[in-house]
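Structural description and commentary
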Amino acid sequence: MRAGAARLGGAGVPDPGRDARRLMAAALGVEAGALIAHLRDPLGEGAQAAFDGLLNRREAREPVSHILGGRWFYGRWFEVTADVLDPRPETEALISCALAEPFEKLLDLGTGSGAIAISLLAERAGARAVGTDISPEALAVAGRNAVAHGVTPRLILPLSDWFEDVGGRFDLIVSNPPYIAAGEMAGLEPEVREWEPAVALTDGGDGLSAYRAIAHGAPDHLRPGGRVIVEIGATQGTAVASLFRAAGLEEVAVHPDLGGADRVVAARAPLHEM
């Protein structure tokens, strides 16, 4: 495992020791938390070959979530493939903000793996959701995750470009849209730039086009007093808040993630018809 960490470190992998431990656990077929009980066990040829193969993939900067087939998000395991954005701990700030008030009808725009919508449904047993995406492959991943977490009867997954094929009004609209500006893509880690779907990362422009679409469509899809909550890049709080205010939304606020960076913008539809 130390030798594996050295290999990963030489390839520029951040936190190579952590990843070597996770890959060793996978090679042995044990939970990562149980690995300590096996550290002095002999390493069989099969496990050694499996570990080497996993290290080769990580040295190429393939994300660990792709190698292992998923990752934990808000206390649940979600399938992750190259067709969806890798759910990150920072996005849990959106979940916490959403759960601060009750809701019954939820819309998740650009659902990807379904991690946001499914987590919210799992936490609110009486709620129902619509999760849209423009990628059929992403919707297939979300569908499998919905089955795994037992929320399939309460989740509809239509193919839709933002609000294009969505009707009705919702108590809550959430989204983690593509917000990386085109000029910032080259500076991303290889795990992100080379392995995650570009359509889920960037709008190919200034990083704000998704928020313009959400701000434009939210008033017609929120019930009076309903909320819209979106994840943002750390420098986008002021711009996104301005878009929401210009659309007539109220109580616009920017919230930080656990690291203290701006991560979420939340707003509310007026109690009277807009």
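The present account deals with the structure reproduced in this document. Just so it is clear, the structure is predicted and the values come from calculations on it, not from any experiment.

**What about the overall build of the chain?**
Helices and strands together make up the secondary structure of the chain, namely 11 helices and 9 strands. Here the chain has a C-alpha radius of gyration of 20 Å; the compact-globule value for 274 residues is 19 Å, and the two agree. Principal axes of the C-alpha set define a box for the chain whose edges measure 70 × 40 × 30 Å. Within the span of the chain, comprising 274 residues, buried residues form 49% of the whole. In the structure as shown, the chain presents an accessible area of about 12,500 Å², 55% of it carried by carbon and sulfur atoms. Looking at charge distribution, the chain has the averaged site of its 25 positive side-chain charges lying 4 Å from that of its 37 negative ones.

**Regarding the packing of helix H2 (residues 16-28) against helix H3 (residues 45-59)**
Describing two packed helices takes the angle between their axes plus the distance from one axis to the other. Packing of H2 against H3 leaves a shortest axis separation of 9 Å and a crossing angle of 140 degrees. Classified by the angle their axes make, H2 and H3 are oblique. The two elements H2 and H3 cross, and the hand of that crossing is right-handed. Here H2 contributes Asp-19, Ala-20, Leu-23, Met-24, Ala-26, Ala-27 and Leu-28 to the contact with H3, which in turn contributes Ala-47, Ala-50, Phe-51, Leu-54, Leu-55 and Arg-58.

**Section: the side chain of Arg-58**
Residue position: Arg-58 is located in helix H3. Accessibility expressed as a relative area gives 4% for Arg-58, which makes it buried. When neighbours within four sequence positions are excluded, Arg-58 is seen to be in contact with Leu-8, Val-13, Pro-14, Asp-19, Leu-23, Pro-63, Val-64, Ile-67 and Glu-191.

**What about unusual backbone geometry?**
Trans is the prevailing form of peptide bonds, just as negative phi is the prevailing case for residues other than glycine. The phi torsion at Asp-15 lies on the positive side, around 50 degrees, for a residue other than glycine. The residue Asp-15 is located in the loop between helix H1 (2-10) and H2 in this model. Relative accessible area serves as the criterion here: at 43%, Asp-15 is assigned to the partly exposed category. Positive phi, normally seen in glycine, also occurs at Trp-162, with a value near 55 degrees. When you line up the elements, Trp-162 lands in the loop between strand S5 (155-156) and strand S6 (170-175).

**Thoughts on the pattern of salt bridges**
Considering all chains together, one arrives at 22 salt bridges under this definition. Among the salt bridges present, the one from Arg-88 reaches Glu-196, with a minimum N-O distance of 2.3 Å. Of the two residues, Arg-88 is situated in the loop between strand S2 (76-79) and helix H5 (92-98) and Glu-196 in the loop between helix H8 (190-193) and helix H9 (198-201); the sequence distance between them amounts to 108 residues. Connected via shared salt-bridge partners are Asp-15, Arg-18, Asp-19, Arg-22, Arg-58, Arg-61, Glu-189 and Glu-191.

**Thoughts on the nonpolar core**
Judged by nonpolar contacts, the single largest core of 33 residues is most densely connected at Leu-107, Ile-173, Val-228, Val-230, Val-240 and Phe-244. Listed by contribution, the elements that provide at least two residues to this core are strand S3 (105-109), S6, helix H10 (209-221), strand S7 (222-231), helix H11 (237-246) and strand S9 (262-268). Among the elements that line this core, the one with the most residues is H10, at 5 residues. By size, the runner-up hydrophobic cluster in this structure holds 26 residues, among which are Phe-78, Leu-106, Leu-120 and Ala-146.

Reading the values: rules and limits
- Residues numbered from 1 in each chain as written.
- Predicted model: local features only at pLDDT ≥ 70, side-chain atom pairs only at ≥ 80, totals over all residues.
- Heavy atoms only, no water.
- Helix = DSSP H or I, 4+ residues; strand = E, 2+ residues; numbered from the N terminus.
- Rg over C-alpha atoms; globule rule 2.2 N^0.38 Å.
- Buried < 20%, exposed > 50% of the residue type's maximum accessible area, 1.4 Å probe, protein only.
- Areas by Shrake-Rupley, 256 points an atom, 1.4 Å probe, with all protein chains shown as cover.
- Lys, Arg positive; Asp, Glu negative; His and termini not counted.
- Charge placed at Lys NZ, Arg CZ, Asp CG, Glu CD.
- Axes fitted to C-alpha atoms, helices over the stretch in contact; angles between N-to-C directions.
- Parallel < 35°, antiparallel > 145°, perpendicular 65-115°, else oblique.
- Left-handed = near helix turned anticlockwise from the far one by under 90°.
- Contact = heavy atoms within 4.5 Å.
- Salt bridge = Lys/Arg side-chain N within 4 Å of Asp/Glu carboxyl O.
- Core = buried A, V, L, I, M, F, W, Y, C linked by side-chain atoms within 4.5 Å.

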